Amino acid sequence: MEKVPLTNEELNNIKPGEAITLATVMAILAIAIVSVIVYKLFITGDGKVKLPGGYQFEWK
């Protein structure tokens, strides 16, 4: 396979920040979901969490 250098127009169209932005959004979303689960388990009096897929957690 031969290497073909990119033209100036192709080089100008490269956007390097998209993957970093997507990873940041996914990390913040994961932190938010875990925070809600921890809050429901430890802070509320009920202490039960039901997740999709049939997963259930209960803090007694």
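Residues numbered from 1 in each chain as written. Predicted model: local features only at pLDDT ≥ 70, side-chain atom pairs only at ≥ 80, totals over all residues. Heavy atoms only, no water.

Caption draft 1: The overall build of the protein, seen in detail. Looking only at helices and strands, the protein features two helices and two strands. The order of helices and strands in the protein, counted from the N terminus, is α-α-β-β. In terms of overall size, the protein is more extended than a compact globule, its C-alpha atoms giving a radius of gyration of 22 Å where 60 residues would be expected to give roughly 10 Å. Taken along the three principal axes of its C-alpha coordinates, the protein extends 65 × 25 × 10 Å. Taking all 60 residues of the protein together, 5% fall into the buried category. Total accessible area computed for the protein in this model is approximately 5900 Å², and 66% of it derives from carbon and sulfur atoms. With 6 positive and 6 negative side-chain charges, the protein shows a spacing of 19 Å between the two charge centroids. (Helix = DSSP H or I, 4+ residues; strand = E, 2+ residues; numbered from the N terminus. Rg over C-alpha atoms; globule rule 2.2 N^0.38 Å. Buried < 20%, exposed > 50% of the residue type's maximum accessible area, 1.4 Å probe, protein only. Areas by Shrake-Rupley, 256 points an atom, 1.4 Å probe, with all protein chains shown as cover. Lys, Arg positive; Asp, Glu negative; His and termini not counted. Charge placed at Lys NZ, Arg CZ, Asp CG, Glu CD.)

Caption draft 2: Quick look at the confidence of the model for the protein. With 100% of its residues at a pLDDT of 70 or more, the protein shows a mean pLDDT of 87. By mean pLDDT, the top-scoring element of the protein is helix H1 (residues 8-12) (93), and the lowest-scoring one is strand S1 (residues 48-51) (82). (pLDDT = per-residue confidence, 0-100.)

Caption draft 3: A look at the pairing of strand S2 (residues 55-58). Bridge count between S1 and S2: four bridges; the pairing is antiparallel. Bridge assignment links Lys48 to a residue of S2, and that residue is Glu58. The turn linking S1 back onto S2 is made up of three residues, and Gly53 within it adopts a positive phi angle of 95°. (Pairing = 2+ DSSP bridges.)

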